[in-house]
Amino acid sequence: MNRPLAEIEFFTPATLNEALALRDAERSRALPIAGGTDLMVLQRSGGLGAPRAFLSLWGVEDLRGITLRENRIEIGATTTFAQIGRSPEIDRHVTALGEAARRVGAVQIQNRATIGGNIVNGSPAGDSLPVLAVVNATLVLASKARGLRKVPFEAFFTGYRQTVLQDDELLVRIEIPLPPADTWTGFEKVGSRRAQTISKVMAALRVRLEGDKIADVAFACGSVAPTVIRLPRTEARLLGRPLSEHLADEVADTLNREIVPIDDLRSTAAYRRFVSVGLLRRLLRRCAQASG
Amino acid sequence: MKVAFTINGRPHDLDVPGARRLLDVLREDLGLTGTKEGCGEGECGACSVLVDGEVVNACLIPVAQVQGADIVTVEGLEAAGGKPLQDAFVQLGAAQCGACTPGMLMAAYAYYQACARTGEDPLDRDRIRAALAGNLCRCTGYQKIIDAVWTGCEALRR
């Protein structure tokens, strides 16, 4: 059953404290909404059930903005992908996140879609998620009853679109430790078209070199499992090796044992297996070109 | 709920359900039918409007979220300075059925403004294509639209 938009109550808190008080009072009766680029589509298709109310975070300025601290970068949950995509701090310290932001939808979507919404929506195809998985992000949740709670990104998703966010909590910001110097990050996305596309396969890579050897590596894929996943066994085979795009073919069998792609309306498992290896190859090549 | 905002320079005070789409408020409550619904799910860009200078899909915006905002629709594009773009579309045959045209114009105008802000040269067909990637056209095959945006940006610069 679909409740018409005109019958859905709309709360517009102005501050985080107001938002948390409403969240505490309303719980699952009021669905938190930021830019609406996922939820307004789901509401229209009947995929939201019949929420009694929306709890709008769009106007809570406390939740928006990118702040560079001494050893980490903080991104407010309602920061838009447009803001992330043009941020010099993001470009410098978490380059792959800017790349992902600029591949979300199109400019009209980027101006409204928020990183917090992308995370909480929890699609296995969320564009920011593979990047957050490789940069050891921490998610900061808040509730009126318990204050702040920090959750490592890898612990946030428990299953397909399932998260540890409790019904009195809101995601307030994302914290990313500043990586050591000479760390390279990259993001790749394959879809039916260059823009306005949900990915068939996505990948993010973080590499730090010592000489020509991979001294530190993280590799994550999207759209090949019920959630975004890191690939620790593939990472272990890359560690210590001289950087080369040919490593992708060497580790392809391990990679393909770590991902669990399915056939769906966008693609097939076989295609996703083939392309995942191709994305690792492309990322390794880009990393090699960047280290010159 | 009470929602107040400016559209094309004119203030409006409305009492509407907050979750109603901005697109519906524009078309049905305010009679501004220049903004079109092509898909209703943020994929086609036909409903593109400017909110506080940024191009967005009006079909995805609950009207309560534009409280206090400055909105520009295609009806206000000429007053906002966009006539050279509109003239270019007419002169170069960049509209066939016209359903995508208001959205294309708003996205093009936002692109020109963004280039003016950053100092980037708008006269680049690849960058124009990227700026219009959120706007679909079923009729023209896009080439004349890209030509018109290029020509319109060149005229705006003069």
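What you are looking at is a predicted structure, and each value in this text was computed from that prediction instead of being measured.

Side note on the interface of chain A and chain B
At step 1: Opposite the 23 residues of chain A that make contact, chain B presents 24 residues.
At step 2: Residues belonging to the side of chain A that touches chain B are distributed by class as follows: twelve nonpolar, eight polar and three charged.

So, the domain arrangement of chain A
A common way to report how large an interface is uses the accessible area buried once the components associate.
Residues and elements named next belong to chain A.
At step 1: Each assigned domain of chain A is listed here: domain 1 (6-56), domain 2 (62-177) and domain 3 (183-290).
At step 2: On a C-alpha basis, the centres of domain 1 and domain 2 stand 19 Å from each other.
At step 3: The partner domain 2 presents 19 residues to the 15 residues of domain 1 that form the contact.
At step 4: Looking at the side of domain 1 that touches domain 2, the element that brings in the most residues is helix α1 (residues 16-26), giving six residues.
At step 5: Here the residues of the side of domain 1 that touches domain 2 sort into six nonpolar, five polar and four charged.

Quick look at α1 of chain A
Owing to its 3.6 residues per turn, the α-helix brings residues three or four apart onto one side.
Residue and element names in this part refer to chain A.
At step 1: Every buried residue belonging to α1 is among A19, L20, L22 and R23, and all of these are buried. With its buried residues spanning 160 degrees around the axis, α1 presents them on a single face.
At step 2: The inward-facing, buried residues of α1 contact β1 (9-11), β2 (30-33), β3 (53-56), β6 (138-143) and β10 (169-177).
At step 3: A positive phi of about 50 degrees marks R27, the residue just after α1.

Quick notes on the pairing of β3 of chain A
All names here are of chain A.
At step 1: Both β1 and β3 contribute to a ladder of three bridges, which runs parallel. By the bridge assignment for β3, F11 is matched with L55.
At step 2: Pairing between β2 and β3: four bridges, direction parallel. In the strand pairing of β3, P32 is matched with L55.
At step 3: Considered for its hand, the β-α-β crossover made up of β2, helix α2 (residues 39-45) and β3 is right-handed.

A few points about unusual backbone geometry
At step 1: The residue D182 of chain A is not glycine, and still its phi comes out positive at about 65 degrees.
At step 2: Tracing the backbone through its elements, the reader meets D182 of chain A in the loop between β10 and β11 (183-190).
At step 3: Its identity as a non-glycine residue notwithstanding, N8 of chain B has a phi of 50 degrees, on the positive side.
At step 4: By secondary structure assignment, the location of N8 of chain B is in the loop between β1 (2-7) and β2 (10-15).

Let's talk about helix α2 (residues 83-91) of chain B
All names here are of chain B.
At step 1: Among the residues of α2, L85, A88 and F89 are the ones counted as buried. Considered in projection along α2, the buried side chains sweep an arc of 100 degrees and stay on one side of the axis. Facing away from the buried side of α2, by more than 90 degrees, are the exposed residues V90 and Q91.
At step 2: On the buried face of α2, the contacting elements are α3 (101-118) and α5 (143-157).
At step 3: At the exit of α2 stands G93, carrying a positive phi of roughly 70 degrees.

Thoughts on the packing of α2 of chain B against α5 of chain B
Residue and element names in this part refer to chain B.
At step 1: Two elements in contact, α2 and α5, have axes separated by 8 Å at closest approach and are oriented at 145 degrees. As α2 runs across α5, the sense of the crossing is right-handed. Seen from α2, the contacting residues are P84, L85, A88 and F89; seen from α5, they are A148, T151, G152, A155 and L156.
At step 2: Among the residues forming the contact of α2 with α5, the class breakdown is seven nonpolar, two polar and no charged.

A closer look at the domain arrangement of chain B
All names here are of chain B.
At step 1: Domain boundaries in chain B define domain 1 (2-76) and domain 2 (83-157).
At step 2: Counting from both sides, the interface comprises 15 residues of domain 1 and, opposite them, twelve residues of domain 2.
At step 3: If you tally residues by element for the side of domain 1 that touches domain 2, the top one is strand β3 (residues 48-51), at three residues.
At step 4: Broken down by class, the residue content of the side of domain 1 that touches domain 2 amounts to seven nonpolar, six polar and two charged.

Cut-offs used in this document
- Residues numbered from 1 in each chain as written.
- Chains lettered and ligands numbered in written order.
- Predicted model: local features only at pLDDT ≥ 70, side-chain atom pairs only at ≥ 80, totals over all residues.
- Contact = placed C-beta atoms within 7 Å.
- Nonpolar A, V, L, I, M, F, W, Y, C, P; charged D, E, K, R; others polar.
- Domains from an automatic or database assignment.
- Helix = DSSP H or I, 4+ residues; strand = E, 2+ residues; numbered from the N terminus.
- Buried ≥ 20, exposed ≤ 12 C-beta atoms within 10 Å, placed from the backbone.
- Arc of directions from axis to C-beta.
- Pairing = 2+ DSSP bridges.
- Right-handed = clockwise from strand over helix to strand, strands pointing away.
- Axes fitted to C-alpha atoms, helices over the stretch in contact; angles between N-to-C directions.
- Left-handed = near helix turned anticlockwise from the far one by under 90°.

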